[in-house]
Amino acid sequence: MAPSPARRAGRVTRRIAAGLVSLLALGASGYAYVTKDQLQSTVPTTDALTPRAGEPAPPPADDGADDILLVGSDARTDAQGNPLPAKMLRQLRTEANSGAVNTDTVILLRVPKNGGKPSAVSIPRDTWTTVPGRGQAKINSAYGIAKAHFAQALRGQGERDQAKIERDSDTEGRRVLVQTVQDLTQVRIDHYAEINLLGFYLLTEALGGVKVCLNHATEDKDSGANFRRGEQTVSGGEALSFVRQRKNLPRGDLDRIVRQQAFLSSALHQLLSAGTLASPGTLNDLMDAVHRSLTVDPGLDLLQFAQQAKGLASGDLTFATIPVITANGRSEDGQSIVQIDPKAVREAVASLAGRTASAAAGAPGGGGSGSGGSGSGAAPDAAPLLQDSPGVPCVN
């Protein structure tokens, strides 16, 4: 039986953790410096940051921070544009599709130039915003729509190499997504890093599971989630369910973002402690994850990025979510959307680089002001919130 639309819509939103964790792990070890040339030369690159002739110029470069756009896509291909085999798709609890791509994870990593704490700012996938060439739409559709149109144009020009069509149309999708984020935040994207569906699987395989902690037991048939209260280790299909559940969470998509952030924090802590990096096998598996599932812009030095973002594991990085008006909005054509005030978003993002702003992004994982989430139900009231273990945040 084919998965329900809700299950397809909720596919794996934590792919970016795989690439980022892998980079940090490699950057924290001497092994990384031995393999630097090999690592850099084998990771696919994309020119997603250069505007085409006649397109508006990006925001000014001097915005107070070095800004890296971290993207998780649900593409059913590897980083070279080759389709994933049916066996792998089954392990990922998904199926082949018509080539459509959603970017359900969009994180802006801001590293202030004044030496302040870096921030990872999540943008909810259903954020209703202006997409260049399309008008108002959900931000997670910007990549996919542009990709589909460009692929159709290439086929119309006689191109028959499917892997090339995938790669070139992916580049167009990335360009439009970058433009969309820049227009929304008024921040120039300095670098781009994207991890695909395969990356999440490879990471959890390499680690043998990631520790997570829940304040309450929870269940959701659409995502396959069925978790007890307290600390536990998730891997494979369980890990996918953990990061994609949004129903039966108090704030729906906003709480799912908190799940994503908690998973990333825990995975990083696990990798950079207790001798995990001493295993050549683990490092080789992480290298494989990077090679097969990561795409970056040509100017991004992977190991420099790993060292720069190392604060993720030490707690020096602040997690935030853009302020929202409501996560229960409706577009004019009836879509469920996250409504925002672009001015508030820009002020919040600017404040994270130490620039004057009247709005803040809120507490880590917060959604600013606004009501509820898009999922149904609420967490039980009986049990108090659990105390976090070192490196393992407890979340809803």
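All figures in this text were calculated on a predicted structure; none of them were measured in a lab.

Draft legend 1. Broad picture of the overall build of the chain. Counting secondary structure elements, the chain contains 14 helices and 15 strands. The 396 residues of the chain split such that 55% are buried. Across the chain, contacts joining residues at least 24 apart in sequence account for 76% of those joining residues at least 6 apart. In the structure as shown, the chain presents an accessible area of about 16,000 Å², 50% of it carried by carbon and sulfur atoms.

Draft legend 2. Main features of helix α6 (residues 142-156). End to end, α6 covers 22 Å across 15 residues, agreeing with the expected 21 Å (1.5 Å per residue, within 8%). Residues A142, Y143, G144, A146, K147, A151 and L154 constitute the buried set of α6. On its buried side, α6 packs onto β4 (128-131), β5 (135-138), α7 (162-185) and β6 (191-195). Looking one or two residues beyond α6, the residue adopting positive phi is G158, at roughly 100°.

Draft legend 3. Structural detail: the environment of G236. By secondary structure assignment, the location of G236 is in helix α9 (residues 236-244). Placed 32 residues apart in sequence, G236 and T204 show a C-alpha to C-alpha distance of 6.2 Å. Beyond its immediate chain neighbours, meaning those up to four positions away, G236 contacts F200 and T204.

Draft legend 4. Spatial organisation of the sheet that holds strand β1 (residues 65-72). Taken in spatial order, the 6 strands of this open sheet run β11-β6-β1-β2-β3-β12, and their pairing is mixed. Since the sheet does not close on itself, it has two edges, and those belong to β11 (294-296) and β12 (318-321), each with one partner. Neighbour to neighbour, the strand axes of the sheet diverge by 20° on average, direction disregarded. Inspection of the sheet shows β1 paired to β6 by 5 bridges, in the parallel sense. From the neighbouring strand, G72 faces β6, where its bridge partner is I195. Against the sheet, α7 touches β1, β2 (105-112), β6 and β11, its axis set at about 120° to β6.

Draft legend 5. Representation of the sheet that holds strand β7 (residues 210-214) in the model. What the 3 strands build is an open sheet, ordered β10-β7-β15; its pairing is mixed. With partners counted over all chains shown, the strands left at the sheet margins are β10 (230-234) and β15 (394-395), one partner each. When β7 meets β15, the two strands line up parallel, connected through 2 bridges. Looking across to β15, one finds that L214 is bridged to V395. Packing of α9 onto the sheet brings it into contact with β7, β10 and β15, and relative to β10 it is tilted by some 125°. In the packing of helix α10 (residues 253-271) onto the sheet, the strands contacted are β7, β10 and β15, and the crossing angle to β7 comes to about 140°.

Draft legend 6. Spotlight on the environment of G281. Mapped onto the elements of the fold, G281 is located in helix α11 (residues 280-293). The exposure class of G281 is partly exposed, given its relative accessible area of 36%.

Draft legend 7. Expanded view of the nonpolar core. The biggest cluster of nonpolar side chains holds 30 residues, and the ones touching the most others in it are L69, I123, L177, V181, Y192 and I340. Taken together, the elements giving at least two residues each to this core come down to β1, β2, α6, α7 and α14 (342-351). When residues in this core are grouped by element, the largest group, 5 residues, is from α7. In this view, I123 contacts V106, I139, V181, L184 and I322; residues no more than four positions away in its chain are not counted. With 21 residues, the next largest nonpolar core counts V210, A225, L240 and F263 among its residues.

Draft legend 8. Quick peek at α11. The terminal C-alpha atoms of α11 lie 20 Å apart, and with 14 residues this matches the ideal 20 Å at 1.5 Å per residue to within 8%. Turning to α11, its buried residues are T282, L283, L286, M287, A289, V290, H291 and S293.

Draft legend 9. Just the state of the cysteines, in detail. Per the stated rule, a full pass over the model turns up 1 disulfide. Disulfide partner of C213: C394, at an S-S distance of 2.2 Å. Looking down the S-S bond of the C213 and C394 bridge, the torsion is 80°, so its handedness is right-handed. Linking C213 in strand β7 with C394 in strand β15, this pair joins segments that are 181 residues apart in sequence. Owing to a relative accessible area of 3%, C213 belongs among the buried residues under this scheme. For C394, a relative accessible area of 12% gives the class buried.

Draft legend 10. Just the packing of α9 against α10, in detail. Contact geometry for α9 and α10: axes closest at 7 Å, N-to-C directions at 135°. Relative to α10, the element α9 is oriented oblique. Here α9 contributes A239, S241, F242, V243 and R244 to the contact with α10, which in turn contributes R256, R259, Q260 and F263. Considered class by class, the residues forming the contact of α9 with α10 number 4 nonpolar, 2 polar and 3 charged.

Reading the values: the criteria
- Residues numbered from 1 in each chain as written.
- Predicted model: local features only at pLDDT ≥ 70, side-chain atom pairs only at ≥ 80, totals over all residues.
- Heavy atoms only, no water.
- Helix = DSSP H or I, 4+ residues; strand = E, 2+ residues; numbered from the N terminus.
- Buried < 20%, exposed > 50% of the residue type's maximum accessible area, 1.4 Å probe, protein only.
- Contact = heavy atoms within 4.5 Å.
- Areas by Shrake-Rupley, 256 points an atom, 1.4 Å probe, with all protein chains shown as cover.
- Expected span 1.5 Å × (residues − 1).
- Pairing = 2+ DSSP bridges.
- Axes fitted to C-alpha atoms, helices over the stretch in contact; angles between N-to-C directions.
- Core = buried A, V, L, I, M, F, W, Y, C linked by side-chain atoms within 4.5 Å.
- Disulfide = S-S within 2.5 Å.
- Parallel < 35°, antiparallel > 145°, perpendicular 65-115°, else oblique.
- Nonpolar A, V, L, I, M, F, W, Y, C, P; charged D, E, K, R; others polar.

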